[in-house]
Every structure is written in structure tokens, then in C-alpha cells.
Amino acid sequence: AFTTLRAGFTRAIEADQTRLHITALPTLGTSWLAPRLGRFRAHHPELRVELDLSPDARDLAGGGYDIAIRNGHGNWPGLRAIPLFPSVFTPLCAPGLVEAVHGLGDPGSPLRVPLLGRPDWWEIWYHDIGHASGPAPDRFGTTFSAEYLDIAAAIAGHGIAIGSPILFAADIAAGRLARVHPHAATDGRAFWLVYPATRQLSAKIIAFRDWITAEISTPTS
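Below is a summary of the structure that appears in this document. Fair warning: this is a prediction, and the values are worked out from it, not measured in the lab.

### Observations concerning the nonpolar core
No. 1: In terms of nonpolar packing, the biggest core is built from 31 residues, with Leu28, Leu33, Ile67, Ile69, Leu193, Phe208 and Ile212 touching the most fellow members.
No. 2: Put simply, the parts of the chain that give this core at least two residues each are β1 (19–24), α2 (26–33), α3 (37–43), β3 (67–72), β4 (79–93), α5 (147–155), β8 (185–196) and α7 (203–217).
No. 3: Of all the elements, α7 adds the most residues to this core, at five residues.
No. 4: Setting aside residues no more than four positions away along its own chain, Leu33 makes contact with Ile22, Ala24, Leu28, Leu51, Ile69, Phe208 and Trp211.
No. 5: Within the second largest apolar cluster, 14 residues are counted, among which are Phe89, Cys93, Trp121 and Ile160.

In C-alpha cells, the structure reads:
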């Protein structure tokens, strides 16, 4: 019986060592991480990656998840937080709409297309460029539940979204999106790679940490 029990524990440990369960925010996971995970698997074919996307923070202490990518200030007790990149946002639209957004720099100026995205981000962005208030509610189009949906609508030509030029750099480089103003604002937060401090020597966590920090520092990524 003890031999069978030991064998069961051994199999469980081996399975845990070869399974990497990541949880991330939906926009980052959909637009930035998922397209890159193939490169991680190419370097570490021994690891089976499972990606969970959730707007809510998952419990890393319970053992169901190995790593999280969170947005915030990096001060989570009991967790080791590695900074990845800042949370920034700027107006983005389909290239064909660039001519239609003249006057965007004035929140009171009429536009031929609606605004998309979080009103608080628009307010921060307008404040940064010298305006006391943000756009009026009637300037907004459809409300979506996530940033990547705002960007999908912008790519389809349905308005001007405010979103991250980092997370959507591939769409900008491919010509699906265009930046319509040079300024990018921030709410002071950042994206962090997070894992339990008690597991900082885990080989699979170290492998992912080293890969993602190298991926971010590579200009072509």
C-alpha cells in the first residue's frame, strides 16, 4: 500500500513539473501573450502550457495556478512580482479613419466617428494634453467589456479606441491600427509577472520568467 501511495505521489509531482498553468488578463492574454506562447513551447517542449484568461485575480496560493500576469502596482503580499511593461494608452483607429479624427485633441470638438474604450482613460489622456475635463458621454459609441474588444471595433472602423500601443504593437506594425496622436498616457500601473515567493526556485517558473523577460526586451517581439 505504501509503495502504491509513493508511486501516486511521484506521478503527481512529475505531472506538476511538466504542467505550467498561467492566468492572465483577457486583453493581455488574447492580444499579446497567446501569439507568443508558441515560441516559449519551442524552447521548452517538455512543458505543457495551460492559459487561463480572467479579469479577476486568481488565487496563486491554492496551487491551481503557477504564474499570473497582473496589472497594478506590484505590491501583493507573499508574491514575487517582476515588472514587465507599463500600463499606457493612446488613441488608436483604423488607418482609413485617420483623416476623420482631426480635432481629437480638443474634447469639445465634433468628430465624425465615436470614441471607444474606458471614459476614465480618455479623461486621463485629455488631462495630460492640457484639458481640464474629458469627453462628454454622448461622444462614445458602443460599450464593450474589455480593451481587446474596443480595439477589434476600432480595427473594423467603428470608432477611435483608447488602448495600449504595447499590447497592440503587432496590429500597428501590420497596418491594422494607426496611432492618431503622439502622446500616450498612464494611470501609474504596470503589468507584472507574479508567482508565490515560496516557489521562486521552481524550474518551470524560472524558465517562463527568463523567457518572458527576454521576449519583452527583444525589439522584434
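Next, the rest of the story.
### Topic: helix α4 (residues 119–128)
No. 1: For α4, the set of buried residues is Trp121, Trp122, Trp125 and Tyr126. Down the axis of α4, the smallest arc covering the buried residues is 130°, so these residues share one side. Exposed side of α4, more than 90 degrees from the buried face: Pro119 and His127 are the residues found there.
No. 2: Contacts from the buried residues of α4 go to β4, β5 (115–116), α5, β6 (160–163) and β8.
No. 3: Just past α4, the residue Gly130 takes up positive phi, approximately 105°.

### Here's the deal with α5
No. 1: Here α5 has its buried residues at Glu147, Asp150, Ile151, Ala153 and Ala154. Down the axis of α5, the smallest arc covering the buried residues is 160°, so these residues share one side.
No. 2: Buried residues along α5 sit against α2, β4, β5, α4 and β6.

### Digging into the pattern of salt bridges
If the charged atoms of two oppositely charged side chains come close together, the side chains can form a pair.
No. 1: Across all of its chains, the model carries 11 salt bridges by this definition.
No. 2: Glu50 serves as the salt-bridge partner of Arg19, at 3.5 Å between the closest nitrogen and oxygen. Placement of Arg19 in strand β1 and of Glu50 in strand β2 (residues 48–53) is noted, with a sequence separation of 31 residues between them.
No. 3: A relative accessible area of 24% places Glu50 in the partly exposed class.
No. 4: Where Asp210 meets Arg209, a salt bridge forms, and the shortest distance between an N and an O atom there is 3.1 Å.
No. 5: What makes Asp210 partly exposed here is its relative accessible area of 38%.
No. 6: One salt-bridge network, in which partners are shared between bridges, spans Arg19, Arg48 and Glu50.

The rules we used
- Residues numbered from 1 in each chain as written.
- Predicted model: local features only at pLDDT ≥ 70, side-chain atom pairs only at ≥ 80, totals over all residues.
- Heavy atoms only, no water.
- Core = buried A, V, L, I, M, F, W, Y, C linked by side-chain atoms within 4.5 Å.
- Buried < 20%, exposed > 50% of the residue type's maximum accessible area, 1.4 Å probe, protein only.
- Helix = DSSP H or I, 4+ residues; strand = E, 2+ residues; numbered from the N terminus.
- Contact = heavy atoms within 4.5 Å.
- Arc of directions from axis to C-beta.
- Salt bridge = Lys/Arg side-chain N within 4 Å of Asp/Glu carboxyl O.

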